[in-house]
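Each chain is listed here by its residues.
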There are 2 protein chains.
Amino acid sequence: MNIVDLRNEKNILSVVKEKLQRHGNKLNEVEKLVENIIIDVKENKDKALLRMMKDFDKVEVESLKVDKEDIKKAYENVDKDFLEVLKESKDNIEKYHKNQKYSHFDMDEGRKRLTQKVTPIERVGLYIPGGKSPYPSTVLMNAVPAKVAGVKEIALITPPNKEGKVNENILAAAYLCGVDEIYLSGGAGAIAALAYGTETIKPVYKICGPGNLFVAEAKRKVYGDVDIDMLAGPSEVLVIADEKSDPKFVAADLLSQAEHDENAACILVTTSEDLAGKVKEEVNNQLKELSKVDIATKSVENYGIIFVVDNIDEAFEVSNEIAPEHLELSLEEPFDYIDKVQNAGTVFMGEYTPEPVGDYFAGSNHTIPTSGKAKFYSPLSTYDFLKRTSIVYYSKEELTKQKDKIIKFANKEGLTAHAKAIERRFE
Amino acid sequence: MNIVDLRNEKNILSVVKEKLQRHGNKLNEVEKLVENIIIDVKENKDKALLRMMKDFDKVEVESLKVDKEDIKKAYENVDKDFLEVLKESKDNIEKYHKNQKYSHFDMDEGRKRLTQKVTPIERVGLYIPGGKSPYPSTVLMNAVPAKVAGVKEIALITPPNKEGKVNENILAAAYLCGVDEIYLSGGAGAIAALAYGTETIKPVYKICGPGNLFVAEAKRKVYGDVDIDMLAGPSEVLVIADEKSDPKFVAADLLSQAEHDENAACILVTTSEDLAGKVKEEVNNQLKELSKVDIATKSVENYGIIFVVDNIDEAFEVSNEIAPEHLELSLEEPFDYIDKVQNAGTVFMGEYTPEPVGDYFAGSNHTIPTSGKAKFYSPLSTYDFLKRTSIVYYSKEELTKQKDKIIKFANKEGLTAHAKAIERRFE
């Protein structure tokens, strides 16, 4: 990990930006490939999906739809201790997400009434990656908010393993969440199938869930025809720590991000030069003990960085500029600093709240804006599965009172048929 | 207008879908052109914008930034009666949008605490079309919710007229809303400038506002690097009416949509064959009196349609499938039917709430999902200018209690460094 001393820099934010440039992920070849896949699925539907699985994934399956009995069986056979953990995690997620509902409101003045009506999106699709990373936590984090919102139909799609089956833990988590419509397919083809439908798969109105470059590009392309949750880039953790922080804990937390992906970034911002050195050493020591040592090493080499700053305000300035997906405040009284957080996805408070607490268990959502997008995106939520309708009512009396103003406004914009729509009522 | 009798159709929704196919708007040439414009602006910044204005709009301007004094002057010189209307409309919009805030919540159990923190997006950009349609109402509908949300910096960008100036009503509306950062530029170049910045224009985190094909395609392309409000397609109104409805009013309302755009759709769904015929006749008569007769005629020819259905439930079935931007319930007791509305942007209730009431004055937002996108999008709102951060705190005691479950979950997913981040705290 490189240590970058910002204490004598005049424009610290420009140094931070420069140091944290990550490779643009979108490649022209990917774009072209994904476009062709989408056209293929639109034209050949089921056949295209089956062919792609055969060609790319070397798997032949008889049906794109997973049998409901198989989903139930997976649930019944899952490791019982793990099932208890899944259930408790689901309950926690449910509790948190029940707070996230748009308020229905009604401004009723008799002659005039304005209402906001809130309804769930009727049908959504969840993309759940397979391959080396079939994560049941991803099922919980997407399906639970959808259910809390009241979504009627949830279609889950996921690439099968070499045997043409879905990972048992994914099935068990889906069953637990009440998702019983599961399809086999991965990558851009799966996204196209959810967006435009096939013989087997009814199209959805919104697609959520993480995925590789192809999945992300496909989501970008279908966006507008359906809604999507967000476009994710490579992920990151940023730890703010001072001289009292334990370098072992800080290093372990940085590495928990690094094991995800070679492009993941782990960043420490500290007021203590001493801590910076110790964390660097700890990272090197702990790295060797990890099962995903290769990925983590590359991530640390590529995007592992320690910024040393003058004071805690500067630390937050750096953090707000980076707008990290995960922000850990490894500080003694973390709640004293919460007002300084302007841009961050999720904040983990104090030395005993490492990131995995939120990834798996606490109840907040682990789908969080990455790569600085917390400046404008928010974590996935119940709101994402709801939509709002405005309801406007004017009585004849009220329209009589206001008509001249509305007519004036319409005419100022040259939209005379708009003005006429009012005038005709009083002819 | 074509009258389509659905009363003997078995699958009415498939007929509706077929009849309402609108031309796909996205063209390959547009895509390529927009891509080149974005690259140009990224590379040549201000110079690119100035050159494009000279080449495409035949306007040479000295500065991209509108002088603050000019904005103030436009406000001071605006037609006083119109200013009163603008002010009242702004007040109404403010009142409505103040109801739209995410609730900050705090689940504090002492040893465990989960909070949702809500903050405004720091800097947003508003694209306001110019040319033949400089609409001050668009300024109000975008700037007011941003202000209500607490956005600190609002940058407005709009193409200049032939004299290199911004329409005075746009400037006045901007001044009224407290927007004093205004730039000259139109089309895809303006969107690129907001997203990536130039020497004069500081980049924004979110771009809102309507525009032509080029603007829409540019918004699609920058989406992900910044957030956008939504992708709009051609607009529509759908009126549900029965035998008691006044055909004059219905026809006028259909035409108020038709004058917008040749691709706009005006749709009547009625239980009365008699009304269908009368509205058709009225549309033909009223058409001739419109100032935008050419546009409206084409729109009616292209996408004007009357569906006759068996009963009122079928009418709502058709409407929910179309998911109209504007839905008018031209029915005697409209509130009796509101539960039947599943997919619609804004509902206008009863015979005295024609669409312009909401376009200009009532207080709800007139940026509404078009072309069926109300199945997943919502009207523009205060929420669109806010973002949420999750805050998670576990005490040492709480982590001690839960650690084994979290470790089990992490290990099940093969993310051992996640498990280690917990374990190291208890070594």
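In this text, all values refer to a predicted model and were calculated from it rather than measured experimentally.

*Asks:* What am I meant to see in helix H4 (residues 80-97) of chain A here?
*Replies:* Helical geometry note: an α-helix holds 3.6 residues per turn, so side chains three or four residues apart project in the same direction. Residues and elements named next belong to chain A. The first and last C-alpha atoms of H4 sit 26 Å apart over 18 residues, in line with the 26 Å expected at 1.5 Å per residue. Among the residues of H4, those classed as buried are Phe82, Leu83, Val85, Leu86, Ser89, Lys90, Asn92, Ile93, Tyr96 and His97. Put simply, Asp79 is the residue that caps the front of H4, since its side-chain oxygen is 3.0 Å from the backbone nitrogen of Asp81.

*Asks:* Would you mind going over the side chain of Arg424 of chain B with me for this structure?
*Replies:* With respect to the element layout, Arg424 of chain B can be found in the segment after helix H15 (416-423). Within polar-contact distance, the side chain of Arg424 of chain B engages the side chain of Gln286 of chain A at 3.0 Å. Leave out the neighbours within four places in its chain, and Arg424 of chain B touches Lys248, Phe249, Ala252, Gln286 and Glu289 of chain A.

*Asks:* Got a minute to help me understand the state of the cysteines in this structure?
*Replies:* Among covalent bonds in proteins, the disulfide is the one between the sulfur atoms of two cysteines. In total, this model carries 0 disulfides over all chains according to the counting rule given. Take Cys177 of chain A: it sits in no disulfide, and the sulfur closest to it among the cysteines is that of Cys208 of chain A, at 14 Å.

*Asks:* What am I meant to see in the pattern of salt bridges here?
*Replies:* Side chains that carry opposite charge are capable of pairing whenever their charged atoms lie near each other. All names here are of chain B. In the structure shown here, the tally under the stated rule is 69 salt bridges over all chains. The salt bridge partner of Glu273 is Arg7, with a shortest N-O separation of 2.6 Å. One end of the pair, Glu273, is in helix H10 (residues 273-287); the other, Arg7, is in the loop between strand E1 (2-5) and helix H1 (12-19), with 266 residues separating them in the sequence. Its relative accessible area of 26% is what places Arg7 among the partly exposed residues. Between Glu217 and Lys221 there is a salt bridge; the shortest N-O distance is 3.6 Å. Placement of the pair is Glu217 and Lys221 together in helix H8 (residues 213-222), with a separation of 4 residues, close to one helical turn. Each member of the pair, Glu217 as well as Lys221, is classed as buried. Salt bridges here are not isolated pairs; linked through shared partners, they connect Glu31, Lys32, Glu35, Glu217, Arg220 and Lys221.

*Asks:* Sorry if this is basic, but what is going on with the relation of the copies chain A and chain B here?
*Replies:* Each of the two chain copies can be generated from the other by rotation about an axis followed by a shift along it. The two copies are related by a screw operation: chain A maps onto chain B through 180° of rotation and 0.0 Å of translation along the axis, at an RMSD of 0.0 Å. Here the symmetry operator amounts to a two-fold rotation axis. When C-alpha positions in chain A are compared against the rotation axis, the closest is assigned to Tyr102 of chain A, at 3.6 Å.

*Asks:* Whenever I open this one, the packing of aromatic side chains confuses me. Can you help?
*Replies:* Two numbers describe a pair of aromatic rings. These are the distance of the centres and the angle of the planes. Considering all chains together, one arrives at 26 aromatic pairs over all chains under this definition. Through a chain of ring-to-ring contacts, the aromatic side chains of Tyr223, Phe376 and Tyr377 of chain A together with Tyr223, Phe376 and Tyr377 of chain B assemble into a single cluster. Stacked on the ring of Tyr102 of chain A, the Lys or Arg Arg388 of chain A has its end atom at 4.9 Å from the ring centre. Looking at Arg113 of chain B, its charged tip hangs above the ring of Phe335 of chain A, at a distance of 4.4 Å from the centre.

*Asks:* For this particular structure, what's the right way to read a negative patch on the surface?
*Replies:* Negative charge collects at one region of the surface, where Asp67, Glu69, Asp70 and Glu168 of chain A lie side by side. Taking relative accessible area as the criterion, Asp70 of chain A reaches 32% and is therefore assigned partly exposed.

*Asks:* Help me understand the UniProt feature "binding site: Zn(2+)" (unreviewed entry) in chain A in this model?
*Replies:* Per the UniProt record, the feature "binding site: Zn(2+)" (unreviewed entry) sits at Gln257, His260, Asp359 and His418 of chain A. Across 162 residues of sequence, these annotated residues are also dispersed in space, with a maximum C-alpha separation of 55.9 Å. Counting through the fold element by element, Gln257 of chain A comes out in helix H9 (residues 247-258). The exposure class of Gln257 of chain A is buried, given its relative accessible area of 0%. A distance of 2.6 Å separates polar atoms of two side chains, one belonging to Gln257 of chain A and the other to Ser235 of chain A. Relative to the elements of secondary structure, His418 of chain A occurs in helix H15 (residues 416-423). In this view, His418 of chain A contacts Ala410 of chain A together with Ser256, Glu259, His260, Glu355, Pro356, Asp359 and Tyr360 of chain B; residues no more than four positions away in its chain are not counted.

*Asks:* Could you clarify how one ought to interpret the interface of chain A and chain B in this entry?
*Replies:* Think of interface size as the accessible area that goes away when the parts come together; that is how it is often given. Facing 122 residues of chain A, the contacting portion of chain B comprises 122 residues. The contact between chain A and chain B buries some 11,400 Å² in all, and 57% of this surface belongs to carbon and sulfur atoms. Between chain A and chain B we count 10 salt bridges in total. Close ionic contact of Arg425 of chain B with Asp253 of chain A constitutes a salt bridge, the shortest N to O distance being 2.8 Å. Applying the counting rule to chain A against chain B returns 76 residue pairs in polar contact (both at pLDDT 80 or more). Classifying every residue of the side of chain A that touches chain B gives 56 nonpolar, 31 polar and 35 charged. Of the pairings in the sheet, the one linking strand E13 (residues 346-349) of chain A to strand E14 (residues 386-394) of chain B comprises 4 bridges and is parallel in character. Bridge assignment links Thr346 of chain A to a residue of E14 of chain B, and that residue is Ser390 of chain B.

*Asks:* Could you clarify how one ought to interpret the environment of Pro129 of chain B in this entry?
*Replies:* Residue and element names in this part refer to chain B. For Pro129, the position within the fold is in the loop between strand E4 (123-127) and helix H5 (136-149). Owing to a relative accessible area of 17%, Pro129 belongs among the buried residues under this scheme. For Pro129 and Asp55, which are 74 residues apart along the polypeptide, the C-alpha to C-alpha distance reads 18 Å. Setting aside anything within four residues of it in sequence, one finds Pro129 in contact with Pro134, Thr158, Pro159, Pro210 and Gly211.

*Asks:* Help me understand the packing of helix H2 (residues 28-56) of chain A against helix H7 (residues 187-196) of chain A, please; the structure alone is not making it clear to me.
*Replies:* Two quantities define a packed helix pair, namely the angle between the helix axes and the distance between the axes. Residues and elements named next belong to chain A. One can describe the packing of H2 onto H7 by two numbers: an axis separation of 8 Å at closest approach and a directional angle of 85°. One finds that H2 runs roughly perpendicular with respect to H7. Facing H2, whose interface residues are Val34, Ile37, Ile38, Val41, Lys42, Leu49 and Met52, H7 presents Ala188, Gly189, Ala190, Ala192, Ala193 and Tyr196.

*Asks:* Would you mind going over the UniProt feature "active site" (unreviewed entry) in chain A with me for this structure?
*Replies:* Residue and element names in this part refer to chain A. In the UniProt entry, the feature "active site" (unreviewed entry) is given for Glu325 and His326. Here Glu325 is to be found in the loop between helix H12 (312-322) and strand E12 (326-330). Residues in contact with Glu325, not counting those within four places in the same chain, are Ser235, Glu236, Gln257, Gly345, Thr346, Ile368, Pro369 and Thr370. Mapped onto the elements of the fold, His326 is located in strand E12. The contacts of His326, once residues within four sequence positions are left out, are Glu236, Val237, Leu238, Gln257, Thr346, Phe348, Glu355, Asp359 and Ile368.

*Asks:* In this structure, what is going on with the packing of helix H2 (residues 28-56) of chain B against H8 of chain B? I would like to understand it.
*Replies:* Residues and elements named next belong to chain B. Running from N to C, H2 and H8 point in directions that differ by 65°, and their axes come no closer than 9 Å. Remark: the crossing between H2 and H8 carries right-handed chirality. In this structure, H2 contributes Val30, Glu31, Leu33, Val34, Glu35 and Ile38 to the contact, and H8 contributes Leu213, Phe214, Glu217, Ala218, Lys221 and Val222. A breakdown of the residues in the contact of H2 with H8 according to their chemical character gives 8 nonpolar, no polar and 4 charged.

Rules used in this analysis
- Residues numbered from 1 in each chain as written.
- Chains lettered and ligands numbered in written order.
- Predicted model: local features only at pLDDT ≥ 70, side-chain atom pairs only at ≥ 80, totals over all residues.
- Heavy atoms only, no water.
- Helix = DSSP H or I, 4+ residues; strand = E, 2+ residues; numbered from the N terminus.
- Expected span 1.5 Å × (residues − 1).
- Buried < 20%, exposed > 50% of the residue type's maximum accessible area, 1.4 Å probe, protein only.
- Polar contact = N/O pair within 3.5 Å; in protein donor to acceptor, adjacent residues only side chain to side chain.
- Contact = heavy atoms within 4.5 Å.
- Disulfide = S-S within 2.5 Å.
- Salt bridge = Lys/Arg side-chain N within 4 Å of Asp/Glu carboxyl O.
- Least-squares fit on C-alpha atoms with pLDDT ≥ 70 in both.
- Phe/Tyr/Trp six-rings, centres within 6.5 Å; stacked < 30°, edge-to-face > 60°.
- Lys NZ or Arg CZ within 6 Å of the ring centre and 35° of its normal.
- Patch = residues over 30% accessible without salt bridge, like charges linked within 9 Å, V, L, I, M, F, W, Y side chains within 5 Å.
- Areas by Shrake-Rupley, 256 points an atom, 1.4 Å probe, with all protein chains shown as cover.
- Lys, Arg positive; Asp, Glu negative; His and termini not counted.
- Charge placed at Lys NZ, Arg CZ, Asp CG, Glu CD.
- UniProt positions renumbered as here; feature names shortened; annotations may be inferred.
- Buried area = accessible area lost by both parts, 1.4 Å probe.
- Nonpolar A, V, L, I, M, F, W, Y, C, P; charged D, E, K, R; others polar.
- Pairing = 2+ DSSP bridges.
- Axes fitted to C-alpha atoms, helices over the stretch in contact; angles between N-to-C directions.
- Parallel < 35°, antiparallel > 145°, perpendicular 65-115°, else oblique.
- Left-handed = near helix turned anticlockwise from the far one by under 90°.

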